[in-house]
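Structural features, examined
For reference, the chains in residue letters:
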Amino acid sequence: MKKQKPNRKTFSELLEKNQGLIHKITLIYVDNPADREDLFQEICLQLWKSYPNFREESKFNTWMYRVALNTAVSNIRKTKNSFAFESMGNYKQIPAEPADDNEDILQLYRAVSKLNLIDKAIILLWLEEKSYDEIASVTGLTKSNVSVKLMRIKRKLEEMINDAN
Amino acid sequence: MNEKKLKEMWNKTENLFEISGYGSSDIEQFLSGRSKSTARGVRKIIIMDLIVKALVVVTLGVDFILYYDTTNVTFVCIAGILLLAGLLFFQRRMLVHFNKIADHGQTTRDTLISMLTYLKTKFNLTLLAVSITYLFLFIAGILIYFYLVYEKVRPFDGTDIVVFAGFIVLGIVFNFVANKVLIKYQIKHLELCLNDMNMNEDAMTIVSQNIETQKKQNRTNQFLLGIVLLIGFLLLVGVFKNVLG
């Protein structure tokens, strides 16, 4: 398989278009803005480094999830406590959104951020409308494992959201 | 739980959180930055060692020229250069091997398994090869020092050898242990992630099997590195006691 010749400018433009997913990953994996920016940069760097090995047989989007999630999972936390997600409250809220909706979304994020690193990756992929096959190809789990794990994670999320209410 | 509603909420998150989008020029800047990952840490250790080893080879080359008329010292220099050349080749191979492991394009499970296996097996060999450099650095440095001060190798007595050898052994052990401690937390983190990933298949069993296989393959390398370390010490004794001539 021929390796791609990476073009920094083209690659940056491609990342610019797809940066939303990296932001979502940093939001659920890191709890403060400075660390989030660090993780964002780290993911960009890892994507750039792995880009020559990217094979067209997998979709760019799937490959991007794989590298970004692997970077987030391998990223050692500076504090050993789980992410409290307190800082989320400081985020600017868009006035156009009804307040109740915003509260629900914040609760969802708080709940997701309390999951373990692997479960976060799985639920994120599911929320991003990825198929079980795609989730399996990103995580390396079997399709049946993905299905069982997802069921447990959704139940856990439900409990956490209900408890919060 | 209404799954559709969950996904809808999720899709609104980008609007809810104040996310400063980066332009392609910002991203280009990130790409020229430096990674803070463990992979970078390991790469840095190997690359630094390659540089130091190369510098020691050059220094031994200078020693060879300075002591050209002293047969025993030139012998030490040539032996040192040959051993270091072998170690340079070995570390280069380690770097290539590690670059393959550190590719985040694999699945999460494969990334975790290969990194954990590496840190528990081949990384020890890398550290051993790094620690050995300390010995050769000492030999090359002390030969330069002797030349500048005495213009010859000053024979040492038994006490000198014990004291100097003691310091070198301490240096090697300290170097090895300090680097091991650095990755201890990373190993724990990887094990935790793999445990979180476990379902019916036991990823940790795969890691254990991989480690067992790697250990068998590494035995020859460990033996060779041990021999290099032993010869290095003999060369050192040769320099100190000036007995090779």
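Take the overall build of chain A next. Within chain A, the regular secondary structure consists of seven helices and zero strands. Traced from its N-terminal end to its C-terminal end, chain A shows the element sequence α-α-α-α-α-α-α. Within chain A, contacts between residues at least 6 apart in sequence are counted, and of these 69% link residues at least 24 apart. Carbon and sulfur atoms make up 47% of the accessible area of chain A, which totals about 7800 Å².

Here we take up the overall build of chain B. In terms of regular secondary structure, chain B is built from eight helices and zero strands. Listed N to C, the secondary structure of chain B is α-α-α-α-α-α-α-α in terms of helices and strands. For a compact globule of 245 residues, the expected C-alpha radius of gyration is about 18 Å, and chain B comes in at 25 Å, more than 25% above that figure. Structurally, chain B occupies a C-alpha span of about 85 × 45 × 30 Å along its principal axes. Accessible area for chain B stands at about 12500 Å²; split by element, carbon and sulfur atoms hold 62% of it.

Glancing now at the confidence of the model for chain B. Residue and element names in this part refer to chain B. Chain-level pLDDT for chain B is 81 on average; 91% of the residues reach the 70-or-more range. Here helix H8 (residues 203–241) stands out as the least confident element of chain B, with mean pLDDT 73; helix H3 (residues 38–66) is the most confident, with 91. Both scores are available for the predicted complex, with the pTM at 0.74 and the ipTM at 0.74.

A few words on the packing of aromatic side chains. Under the defined criterion, the tally for this structure stands at 12 aromatic pairs over all chains. Judged by centre distance (5.8 Å) and plane angle (80°), the rings of phenylalanine 64 of chain B and tyrosine 68 of chain B are edge-to-face. Linked through ring pairs, Phe11, Trp48, Tyr51, Phe60 and Trp63 of chain A together constitute an aromatic cluster. Directly above the ring of tyrosine 29 of chain A sits lysine 120 of chain A, whose terminal nitrogen or CZ lies 5.1 Å from the centroid. Just above the ring of tryptophan 126 of chain A sits the side chain of lysine 7 of chain B; from NZ or CZ to the centre is 4.3 Å.

Moving on to the packing of helix H5 (residues 108–120) of chain B against helix H6 (residues 122–150) of chain B. All names here are of chain B. It is at 3 Å that the axes of H5 and H6 come closest, and there the two elements cross at 40°. With respect to H6, the element H5 is oriented oblique. Contacts between H5 and H6 involve Thr117, Tyr118, Leu119 and Lys120 from the first element and Lys122, Phe123, Asn124 and Thr126 from the second. Here the residues of the contact of H5 with H6 sort into three nonpolar, three polar and two charged.

Quick look at the nonpolar core now. Of all hydrophobic cores here, the largest spans 114 residues; its most connected members are Ile25, Tyr29, Leu47 and Ile123 of chain A together with Leu119 and Phe136 of chain B. With 13 residues, the top contributor of residues to this core is H6 of chain B.

Attention now moves to unusual backbone geometry. One non-glycine residue, glutamate 129 of chain A, adopts positive backbone phi at about 65°. The residue glutamate 129 of chain A is located in the loop between helix H5 (117–127) and helix H6 (132–139) in this model.

Moving on, we get to the pattern of salt bridges. Tallied over the entire structure, the rule returns eight salt bridges over all chains. The salt bridge involving aspartate 119 of chain A is made with lysine 149 of chain A; its shortest N-O contact spans 3.6 Å. With aspartate 119 of chain A in helix H5 and lysine 149 of chain A in helix H7 (residues 143–164), this pair connects stretches of sequence that are 30 residues apart. As far as the burial class goes, aspartate 119 of chain A and lysine 149 of chain A line up, both buried. Residue lysine 7 of chain B pairs with glutamate 129 of chain A through a salt bridge whose shortest N-O separation is 3.5 Å. You can see lysine 7 of chain B sitting in helix H1 (residues 3–16) and its partner glutamate 129 of chain A sitting in the loop between H5 and H6, one on each of two chains. A single network of salt bridges, built from pairs that share partners, joins Asp119, Lys149 and Lys156 of chain A.

All names here are of chain A. With 22 residues, H7 extends 31 Å from end C-alpha to end C-alpha; this agrees with the ideal 32 Å at 1.5 Å per step. All of the buried residues in H7 are Asn145, Val146, Lys149, Leu150, Ile153, Lys154, Leu157 and Ile161. Buried residues of H7 fall within an arc of 155° about the axis and therefore sit on the same side. In H7, those exposed residues whose orientation departs by more than 90 degrees from the buried face are Met151 and Asp163.

As a further point, take the environment of lysine 17 of chain A. Residue and element names in this part refer to chain A. Mapped onto the elements of the fold, lysine 17 is located in helix H1 (residues 8–29). On the basis of relative accessibility, which here comes to 71%, the residue lysine 17 falls in the exposed class. The spacing of lysine 17 and tyrosine 65 is 48 residues in sequence and 14 Å in space, taken between C-alpha atoms.

The next point concerns the interface of chain A and chain B. The partner chain B presents 51 residues to the 71 residues of chain A that form the contact. Each partner contributes to the roughly 5700 Å² buried at the junction of chain A and chain B, and carbon and sulfur atoms together form 62% of this total. Counting the contacts that link chain A with chain B gives one salt bridge. Scanning the region where chain A abuts chain B turns up nine residue pairs in polar contact (both at pLDDT 80 or more). Elements supplying a minimum of two residues to the side of chain A that touches chain B: H1, helix H2 (33–50), helix H3 (60–74), helix H4 (99–113), H5, H6 and H7 of chain A.

What follows is about the side chain of aspartate 49 of chain B. Residues and elements named next belong to chain B. For aspartate 49, the location among the structural elements is in helix H3. For aspartate 49, a relative accessible area of 4% translates into the label buried. The residues contacting aspartate 49, other than those within four sequence positions of it, are Gln91, Ala129, Val130 and Thr133.

Cut-offs used in this document
- Residues numbered from 1 in each chain as written.
- Chains lettered and ligands numbered in written order.
- Predicted model: local features only at pLDDT ≥ 70, side-chain atom pairs only at ≥ 80, totals over all residues.
- Heavy atoms only, no water.
- Helix = DSSP H or I, 4+ residues; strand = E, 2+ residues; numbered from the N terminus.
- Contact = heavy atoms within 4.5 Å.
- Areas by Shrake-Rupley, 256 points an atom, 1.4 Å probe, with all protein chains shown as cover.
- Rg over C-alpha atoms; globule rule 2.2 N^0.38 Å.
- pLDDT = per-residue confidence, 0-100.
- Phe/Tyr/Trp six-rings, centres within 6.5 Å; stacked < 30°, edge-to-face > 60°.
- Lys NZ or Arg CZ within 6 Å of the ring centre and 35° of its normal.
- Axes fitted to C-alpha atoms, helices over the stretch in contact; angles between N-to-C directions.
- Parallel < 35°, antiparallel > 145°, perpendicular 65-115°, else oblique.
- Nonpolar A, V, L, I, M, F, W, Y, C, P; charged D, E, K, R; others polar.
- Core = buried A, V, L, I, M, F, W, Y, C linked by side-chain atoms within 4.5 Å.
- Buried < 20%, exposed > 50% of the residue type's maximum accessible area, 1.4 Å probe, protein only.
- Salt bridge = Lys/Arg side-chain N within 4 Å of Asp/Glu carboxyl O.
- Expected span 1.5 Å × (residues − 1).
- Arc of directions from axis to C-beta.
- Buried area = accessible area lost by both parts, 1.4 Å probe.
- Polar contact = N/O pair within 3.5 Å; in protein donor to acceptor, adjacent residues only side chain to side chain.

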